[in-house]
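For reference, the chains in residue letters:
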Amino acid sequence: MDLVVDKKRAFAYTAAHDFDAGKPSMVFLHGAGLDHSLFGLQSRYFGYHGWNVLALDLPGHGRSAGPPVASVAAMADWVSSALESLHIEKASLVGHSMGALISLECASRFRWVDRIALLGVGYPMKVSEPFLDAARRNDPAAYDMETIWGHAAPVPLGGNPNPGMWMYGDMLARLRRLAPGVLYNDLKACNDYQFAGQVKCPALFILGKRDVMTPAKTAAELQKRIPDAKTVLVPLSGHSMMAEAPDETLDALIAFFA
Amino acid sequence: MAGPKYPGFDTLALHAGQSPDPATGARAVPVYQTTSYVFRDTEHAASLFNMERAGHVYSRISNPTVAVLEERIAALEGGVGAIATASGQAALHLAVSTLMGAGAHIVASGALYGGSHNLLGYTLKRFGIETTFVNGRNPGDWKKAIRENTRLLFGETLGNPGIDVLDIPAISEIAHASKVPLLVDATFTTPFLMKPFELGADLLYHSATKFLGGHGVAIGGVLVDSGRFDWEASGKFDTLTAPYAGFHNMDFEEESGTRAFLLRARREGLRDFGACMAPMTAFQILQGIETLHLRMPRHVENTRKVVAYLSSHSSVEKVLYPELKDHPDHDLCRKLLPNGAGAVFSFDIKGGRKAGKAFIEALRVFSHLANVGDAKSLVIHPATTTHYRMSDADLKKAGIGPGTVRLSIGLEDAQDLIEDLDRALKAAARA
């Protein structure tokens, strides 16, 4: 679905369904440098199981026009504007990594947020200086870092649950399509983000036990500040649990949103 | 702080795509000799059919053993993924049928394997897809042949029969300027000698029957996508960017971005045309790939010795191997193939058809058959076999002389190969 947000073209994947005001809405928010299709299996499931699905491409990502938005708070404003443009009054958020920070920010500021699922999240989400620096210089090494650290160590030597696909190659191909500066914008936004609010809606953490980008233990601060949140630790997954452990991730979401 | 590192080629050749079997701990890739897979429940079945969950449904579409081969080749080539097929020809057909239908046009190098030439020049024409064959060495010819309805440029990394080196950087630039992808047949080079995606190709395939397997026991193909071509931005590929009534109105590019081509190829091409790979075949080809990085240097080393021997032999008119200075693509070969120009080449014997026939019949180590890329050395004399109906004049047009012999150099002791050739050349001289 094509949208106009802040007078610019934007895109939301809807699993080939028209918006139905009678259904609950679920918004998927991708991580740094990526796009809606990272949630392919999960967003498609909910789209075919009674939900309005909006898997958004943030500005400057996927099919949405740039430039990218500079901070997590501004990204949250943009998401709110996108929903407002569609007259959606209540929605649940599923955010991965940077998308999880955006979900957190939305939940602390906007009443329209119903429930949030935070995947591959840590706080503070500090990005190492070599990674930031490579991204600042638009050095392809930054794509390598995102790809390798974005998956569990055994991924290159293991099987992809999605038959015939090579996870490293897929992520690299996505990152290579980015305009210069987009990855740096996103990483800096994550690095700079300060969470000052409170989350009162139901929340779920889905964390990868083998995550080296945002190790599961780095979610402890958020888990402390959202004491009623549920946590699912996915044993064999790294940071990219939607691809590395798609069924476990989907099952955790189904159980939470049931 | 050092950046993270990808596993090396040799490690990927042995491991990529497989972890020890979770059920049994088996280290080798198990052969999942099954047609189908039991669903957990009806909801699970529906989700698998509708692509809401990852997994296998029916082995024509995907199979765990075949998936290991697909992922391994994708890793070795640096692609987003791959689809294994019944043969290399099936891989070419799958690529074409995924990208276009009747009314479309292909520009292809004329230096192609005969089977590919037949498919493009005759069979696909019957289905409304036309091909213009061009001089692969002339970028201007490629440019001139492109039409409004052109949807693909196609060539072999090393072409038949003159072992033409395809200038992938130049031809891919021409393709991309016209918003169409470049597909290459990388069979003769394998990912060990050349990485076509790094040079600009968008799609590639292998006849896995050849060097990938190496043992000559299994027929198969593998089609790989780099994920770099932007189908949406091109605007020329409705099969990937418009809703498809044959799969719940799925827009494959919207659904999966970089995976759109492979998704349609699997969900339509394998589903409907059905040219899938059998699990035992995948297992056999995987056994070959585990030693690809050891075999290819030896293939090249033996080839260089044989080429050197033939080049100085008085009964040999000409040797066509790109590493030789008099080959038209010598400079390009140095640039694109620093690890070697493969192990298939041709040469002309003095004395024409009669000498060629006598040469073939005198060989003892080389096997006279219609294949290449085996661990064993192979030979064929086109004028008396694959092209025997053609006159000398027609052979010349095809770049084949009456005394042209094609060799595929194997892994035997190089001295034994040279002695075998020496004996056969003497027989040819007496003919």
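It should be noted that the structure appears before, not after, this text.
Residues numbered from 1 in each chain as written. Chains lettered and ligands numbered in written order. Predicted model: local features only at pLDDT ≥ 70, side-chain atom pairs only at ≥ 80, totals over all residues.

This part covers the overall build of chain B. Across its full length, chain B carries 19 helices and 12 strands. The C-alpha atoms of chain B give a radius of gyration of 22 Å, which matches the 22 Å a tight globule of 431 residues would have. Here chain B holds 431 residues, and the buried ones make up 52% of them. Pairs at least 24 apart in sequence give 72% of the contacts found in chain B among residues at least 6 apart. (Helix = DSSP H or I, 4+ residues; strand = E, 2+ residues; numbered from the N terminus. Rg over C-alpha atoms; globule rule 2.2 N^0.38 Å. Buried ≥ 20, exposed ≤ 12 C-beta atoms within 10 Å, placed from the backbone. Contact = placed C-beta atoms within 7 Å.)

Turning to the overall build of chain A, a few remarks are in order. Helices and strands together make up the secondary structure of chain A, namely 10 helices and 8 strands. Against the compact-globule benchmark of 18 Å for 258 residues, chain A has a radius of gyration of 17 Å, which places it among compact chains. With the C-alpha coordinates of chain A rotated into their principal frame, the extents come out at 45 × 40 × 40 Å. The burial tally for chain A puts 58% of its 258 residues in the buried class. Within chain A, counting contacts between residues at least 6 apart in sequence, those at least 24 apart form 72% of the total.

On to the interface of chain A and chain B. When the parts come together, some accessible area is lost, and that loss is often what is quoted as the size of the interface. Facing 37 residues of chain A, the contacting portion of chain B comprises 45 residues. Listing elements by their share of the side of chain A that touches chain B, those giving two or more residues are α1 (40-47), α5 (141-149), α6 (167-176) and α10 (246-257) of chain A. For the side of chain A that touches chain B, a count of residues per class yields 20 nonpolar, 9 polar and 8 charged. (Nonpolar A, V, L, I, M, F, W, Y, C, P; charged D, E, K, R; others polar.)

The subject of this paragraph is helix α7 (residues 168-177) of chain B. Residues and elements named next belong to chain B. Turning to α7, its buried residues are I168, I171, S172 and A175. Down the axis of α7, the smallest arc covering the buried residues is 100°, so these residues share one side. Once α7 ends, the next one or two residues include K179, with phi positive near 60°. (Arc of directions from axis to C-beta.)

All names here are of chain B. Summarising burial for strand β12 (residues 404-408): 5 of the 5 residues are buried, a large majority. With burial as the criterion, each face of β12 is covered, one bearing T404, R406 and S408 and the other bearing V405 and L407. Direction of pairing for strand β11 (residues 378-380) relative to β12: antiparallel, over a ladder of 3 bridges. The partner of L378 across the bridge, within β12, is S408. (Pairing = 2+ DSSP bridges.)

Another point: the sheet that holds strand β8 (residues 316-320) of chain B. Residues and elements named next belong to chain B. Strand order in the open sheet formed by 5 strands is β8-β9-β12-β11-β10, with mixed pairing between adjacent strands. The two strands at the open ends of the sheet, each matched to only one other strand, are β8 and β10 (367-368). Of the strands in this sheet, β9 (344-349), β10, β11 and β12 are in contact with helix α17 (residues 352-362), which crosses β9 at around 125°. (Axes fitted to C-alpha atoms, helices over the stretch in contact; angles between N-to-C directions.)

Residues and elements named next belong to chain A. In this sheet, strand β2 (residues 8-13) lies alongside strand β1 (residues 2-5) in antiparallel orientation, the contact comprising 4 bridges. Across the sheet, the residue bridging to V5 is K8, located in β2. Across 3 bridges, β2 lies against strand β4 (residues 52-57) in antiparallel orientation. Counted as the bridge partner of Y13 is A55 from β4.

Across soluble globular proteins, nonpolar side chains show a tendency to be buried alongside one another. Ranked by size, the top nonpolar core spans 217 residues in total, and within it A:L56, A:V79, A:L101, A:L118, B:A95 and B:L223 carry the most contacts. Examining the composition of this core, we find that 8 residues originate from one element, helix α3 (residues 64-77) of chain B, more than from any other. Apart from the residues within four sequence positions on either side, B:A95 is in contact with B:L183, B:L203, B:Y205 and B:L223. (Core = buried A, V, L, I, M, F, W, Y, C linked by C-beta atoms within 7 Å.)

Further remarks concern the sheet that holds β4(A). All names here are of chain A. Reading across from one edge, β1-β2-β4-β3-β5-β6-β7-β8 is the order of the 8 strands in this open sheet, with mixed pairing throughout. Here the strands that pair on one side only, and so sit at the sheet edges, are β1 and β8 (230-234). For this sheet the average axis-to-axis angle between neighbouring strands, irrespective of direction, equals 25°. Against the sheet, α1 touches β2, β3 (25-29) and β4, its axis set at about 150° to β4.

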